[in-house]
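These are the residues of each chain, in order.
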Amino acid sequence: MPATFDLNDSSVVVIIGSGAGGGTLANELAQKGVSVVVLEAGKRIEISDFKNDEIAMFGLFSWFDPRTTSGTWSVAKTSPDLPVWTCKLVGGTTVHWAACALRFQEHEFKVRTRYGDVSGANLMDWPIDLAEVAPYYDRAELKMGVSGTHDIPSLPINNNGKVLFAGAKKIGYTKLQATKMAINSEPRAGRAGCQQAGFCCQGCTFGAKWSTLYTEIPAAEATGKCEVRPEAQVLHIEHNSAGKVTGVVYADSSGALQRQKARAVALAANSIESPRLLLNSSSSQFPQGLANSSGQVGCNYMRHTSGTVFAIFDKPVHFYRGTPQSSIVMDEARLDPKRGFVGGYNLELIAQGLPSFALNLAPGAWGRERASVIDSYANVAGLWVLGEDLPRETNRITLHPDKKDKFGMPIPNVHSDDHENDIALRNHGYAQGEALYKAVGAKRTVRVPPFPASHNMGTNRMSANPRDGVVNRFGQAHDVPNLFVSDGSQFTSSGAENPTLTIVALAIRQAEYIAQQLATRAI
Amino acid sequence: MKLLDWASKFTRRVFIARGATTLAAAAVAGKSLLADPAAAADSPGLSAQQSRALLRFTRDLFPHDRLPDAAYEKAVAPLLAEAASTPATKQLLVDGIAQLDASTRTSGGETYMRTKDEGVRVAAIRQIESGAFFAKIYGDTITPLYNQPDMWAKFGYQGPSSSLGGYLHRGFNDLDWL
């Protein structure tokens, strides 16, 4: 039974956001008997609302609140008003995620030590390492039902994957795998097995894909310790003179302002909104923004260095059939500076329905050249280069000096300049992708620029020293002991892996810590 | 040629978001405006000739010989509706078409719509591709054009699958030519 808590109940933990971080944290805390109020900016929908309709679901799920962009990154040109593709609804971006569930590698937690001092980057080691996170990766994989782990069968290889693997073998790659996916390969945990529908990113109509919307959230509510309030957009986090947070102010579905008191607050609103909220919660006591004595709130924005290669063959591929990202080539995910860049990249499958394919193929391009690619749609194979994006202090989220949203809150500006390492990595990935496809007879290949990112990280980063980052090894704000960050903004580096599994693992770990801190009255 | 290099020259509005918002207005059917000038006369915003030029322009931007005129008519229908109700939009379209006409008259002697040589029309479009008219038509028609389920089979796309049980038993791994 969902709980109902009074606005003046100061015993609750308020969680802002209900996606991978917030939804998981809510369930983990509720299971331990902690009272939780989840404030979610978006609406609540159900699986029955999902349709195999790319454009309609994009309109239904996406976070469209106004944003501005700046910097040399291509997204500032191709999609200046919508720089990222995240979701605004209960379940957050886990509703549309493709469900690749990969662990970070050991060296990716220690980038400053392993990569050295890269000029123009703000590299820093995480204050935790792979060994420390590994048990929580195990728990995350079991919770999410990640195929290919813990004796859960892998998903099968689809047509697009067959092409990827054939080309990869031809050019000497050996780390070819069915991707570890948080998608049931067989019925599990009351949810169906994958039917290879191909519409993971439009919401899984079978519920085979893990999303907090229909796993963590209802499980949390069933404890009787969790209340989820949709259409509750938090505007401000409040604190007392002792420097501890006391609650949050939010706009409810009618636009009326409410104040929910709290014993602790966990921020899980994704890597643009989370720093935006901290910056907007400045006060005489925290003039640079809440929890920002380091000046790092909003800095070090990372998205992943990415690019897509499509290849056209003489014969049909029908790459849209089946789980879009179910195969992966991991040979280039290693650390090997001899390639001309630090960090690595994975080659992940990508497939799009015709409307998305046409829209994203070459923004701004027209005429016969472009049309001929779309005419070949049935014979197209595709891969996505997903590489490490280096943190730069100047790649950052700031509050717009003039523009405000409908609640009067300054809108965020997203600034990013590609580092030369990013450019070298992306070009290497493009070239390898082209070589891979040409090795199996591609007539033609097409490079596609980065899409608005669904992977957003780093803007409240974790550090050992309060001087260098925003939160400690448990995602607890250095400056404010009862304030936590539970989303990808706490990442110190981006790795070459999709971020969600790490967000979930850290949320499980953080829940243990918060429960212990509450029990011992440390917070 | 790499389309990326080409695309990177452009600075455009958000095609994705605009496509999503204009889509709802896109489901309008009609007679073939290209083939039947009488049908276009009903358009309250643009003249029949202007409507036909707009259709020709959209086909030149996204030239798929396999698609019938009806597909492009659906794609421009929301724009025509907007032009009929919004004077600023009508003016933008009228001016843009006039620019195209002036350009093709200079190089080929005919209006844009009546110019048979695709190369001449393409050259005229190149001259205006960084302007507001181009951005408006491109951004407003790309999603309505490609989001027509009855056209998908022409590209070999099968569309929604959940109601058919996904592709698990319908060819997700049937590729056998490698």
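Note that the structure is a prediction, hence the values are computed from the model and not measured.

A. Molecular detail of the overall build of chain A. Looking only at helices and strands, chain A features 12 helices and 17 strands. Expected size for 523 residues packed as a compact globule is a radius of gyration near 24 Å; at 22 Å, chain A falls within 12% of this value. In terms of principal-axis extent, the alpha carbons of chain A reach across some 70 × 50 × 45 Å. Within chain A, the fraction of its 523 residues that count as buried is 63%. Taking as baseline every contact in chain A between residues at least 6 positions apart, the subset at least 24 positions apart corresponds to 75%.

B. Just the sheet that holds strand 11 (residues 327-329) of chain A, in detail. All names here are of chain A. An order of 4-11-12-13-10-16 is seen for the 6 strands of this open sheet, with the pairing classed as antiparallel. The open sheet has two edge strands with one neighbour each: strand 4 (176-178) and strand 16 (444-448). Neighbouring strand axes in the sheet, compared pairwise and without regard to direction, differ in orientation by 25° on average. Two strands pair when backbone bridges link them, and strand 10 (residues 305-312) and strand 13 (residues 380-387) are joined in this way by 8 bridges, in the antiparallel orientation. If you follow Thr305 over to strand 13, its bridge partner there is Gly387.

C. Quick look at the pairing of strand 14 (residues 396-404) of chain A. Residues and elements named next belong to chain A. Note: strand 14 against strand 15 (residues 410-415), 5 bridges, orientation antiparallel. Bridged to Lys404 within strand 15 is Pro410. What sits between strand 14 and strand 15 in their antiparallel hairpin is a turn of 5 residues, with Gly408 showing a positive phi close to 85°.

D. Main features of the packing of helix 5 (residues 69-85) of chain B against helix 8 (residues 132-146) of chain B. Residue and element names in this part refer to chain B. Packing of helix 5 against helix 8 brings their axes to within 8 Å, and their N-to-C directions diverge by 130°. Looking at the two axes, helix 5 sits oblique to helix 8. Crossing angle aside, the handedness with which helix 5 passes helix 8 is right-handed. Between helix 5 and helix 8, the residues in contact are Ala71, Tyr72, Lys74, Ala75, Val76, Pro78 and Leu79 and Ile137, Asp140, Thr141, Pro144 and Leu145, respectively. Of the residues in the contact of helix 5 with helix 8, the class split is 9 nonpolar, 1 polar and 2 charged.

E. Structural detail: the environment of B:Thr86. All names here are of chain B. With respect to the secondary-structure elements, Thr86 resides in the loop between helix 5 and helix 6 (87-108). C-beta crowding within 10 Å serves as the criterion here: with 12 such atoms nearby, Thr86 is assigned to the exposed category. In this structure, the C-alpha to C-alpha distance between Thr86 and Leu67, residues 19 residues apart in sequence, is 29 Å.

F. Focus on the pairing of strand 7 (residues 245-251) of chain A. All names here are of chain A. Within strand 7, 5 of the 7 residues are buried, which leaves it mostly tucked inside the rest of the structure. Relative to strand 7, strand 6 (residues 233-239) runs antiparallel, the two being bridged by 6 bridges. Within strand 7, the residue paired with Val234 across the bridge is Tyr250. Linking strand 6 back to strand 7 in an antiparallel pair, the connection comprises 5 residues, with Gly243 at a positive phi of about 80°. Bridge analysis of strand 7 against strand 8 (residues 257-261) gives 5 bridges, and the strand direction is antiparallel. Each bridged residue has a counterpart across the sheet, and for Gly247 the counterpart in strand 8 is Lys261.

G. Region of interest: the sheet that holds strand 1 (residues 13-16) of chain A. Residues and elements named next belong to chain A. Taken in spatial order, the 5 strands of this open sheet run 5-2-1-9-17, and their pairing is parallel. Strand pairing shows two members of the sheet lacking a second neighbour, strand 5 (226-229) and strand 17 (483-485), which therefore form its edges. If you compare each strand with its neighbour and ignore which way they point, the axes differ by 20° on average. Note: strand 1 against strand 2 (residues 36-39), 4 bridges, orientation parallel. The residue bridging Val14 from the neighbouring strand is Val37, located in strand 2.

H. Here's a closer look at the interface of chain B and chain A. Contacts between the two partners involve 46 residues from chain B and, on the opposite side, 57 residues from chain A. When contributions to the side of chain B that touches chain A are tallied by element, the ones reaching two or more residues are helix 1 (3-7), helix 2 (15-23) and helix 8 of chain B.

I. Spotlight on unusual backbone geometry. Residues and elements named next belong to chain A. The residue His150 is not glycine, and still its phi comes out positive at about 50°. Positive phi values are uncommon outside glycine, yet His318 reaches one of about 50°. Positionally, His318 belongs in the loop between strand 10 and strand 11. Given 25 C-beta atoms within a 10 Å radius, His318 is considered buried.

J. Local environment of the nonpolar core. Ranked by size, the top nonpolar core spans 101 residues in total, and within it A:Val13, A:Ile16, A:Val36 and A:Val265 carry the most contacts. Top contributing element to this core by residue count: helix 12 (residues 500-519) of chain A, with 10 residues. If we ignore the near neighbours within four places in the chain, the residues touching A:Val36 are A:Val12, A:Val13, A:Ile15, A:Ala26, A:Leu29, A:Ala30, A:Ala220, A:Lys225 and A:Cys226. One finds A:Ala121, A:Leu349, A:Tyr377 and B:Leu93 within the second-largest nonpolar core, a separate group that totals 89 residues.

K. Local environment of helix 10 (residues 368-375) of chain A. Among all positions in helix 10 of chain A, only A:Arg370, A:Ala371 and A:Val373 are buried. Along the axis of helix 10 of chain A, the buried residues cluster in a sector spanning 155°; they form a single face.

L. How the structure looks around helix 6 (residues 159-170) of chain A. All names here are of chain A. Counted at 1.5 Å a residue, the expected span for helix 6 with its 12 residues is 16 Å, and the 17 Å between its end C-alpha atoms agrees. Burial runs high along helix 6: 9 of the 12 residues are buried. Every buried residue of helix 6 is listed here: Asn159, Asn160, Gly161, Lys162, Val163, Leu164, Phe165, Gly167 and Ala168. Contact partners of the buried residues in helix 6: strand 4, strand 11, strand 12 (345-349), strand 13 and helix 11 (420-438). Note on helix 6: the residue one or two positions beyond its end, Gly172, has a positive phi of about 95°.

M. A look at the confidence of the model for chain B. All names here are of chain B. Taken over all residues, the pLDDT of chain B has a mean of 83, while the share at 70 or more is 75%. The low-confidence segment residues 35-43, where pLDDT is below 50, has 17 contacts with residues more than four positions distant or belonging to other chains. Quick note on the complex model: pTM equals 0.93, ipTM equals 0.92.

N. Spatial organisation of the environment of A:Ala291. Residues and elements named next belong to chain A. Tracing the sequence through the fold places Ala291 in the loop between helix 8 (270-280) and strand 10. Counting along the chain gives 130 residues from Ala291 to Gly161, while the straight-line C-alpha distance between them is 45 Å. Each residue touching Ala291, except ones within four places of it in the same chain, is listed here: Leu278, Val297, Val470, Ala477, Asp479, Val480 and Leu483.

How each quantity is defined
Residues numbered from 1 in each chain as written. Chains lettered and ligands numbered in written order. Predicted model: local features only at pLDDT ≥ 70, side-chain atom pairs only at ≥ 80, totals over all residues. Helix = DSSP H or I, 4+ residues; strand = E, 2+ residues; numbered from the N terminus. Rg over C-alpha atoms; globule rule 2.2 N^0.38 Å. Buried ≥ 20, exposed ≤ 12 C-beta atoms within 10 Å, placed from the backbone. Contact = placed C-beta atoms within 7 Å. Pairing = 2+ DSSP bridges. Axes fitted to C-alpha atoms, helices over the stretch in contact; angles between N-to-C directions. Parallel < 35°, antiparallel > 145°, perpendicular 65-115°, else oblique. Left-handed = near helix turned anticlockwise from the far one by under 90°. Nonpolar A, V, L, I, M, F, W, Y, C, P; charged D, E, K, R; others polar. Core = buried A, V, L, I, M, F, W, Y, C linked by C-beta atoms within 7 Å. Arc of directions from axis to C-beta. Expected span 1.5 Å × (residues − 1). pLDDT = per-residue confidence, 0-100.

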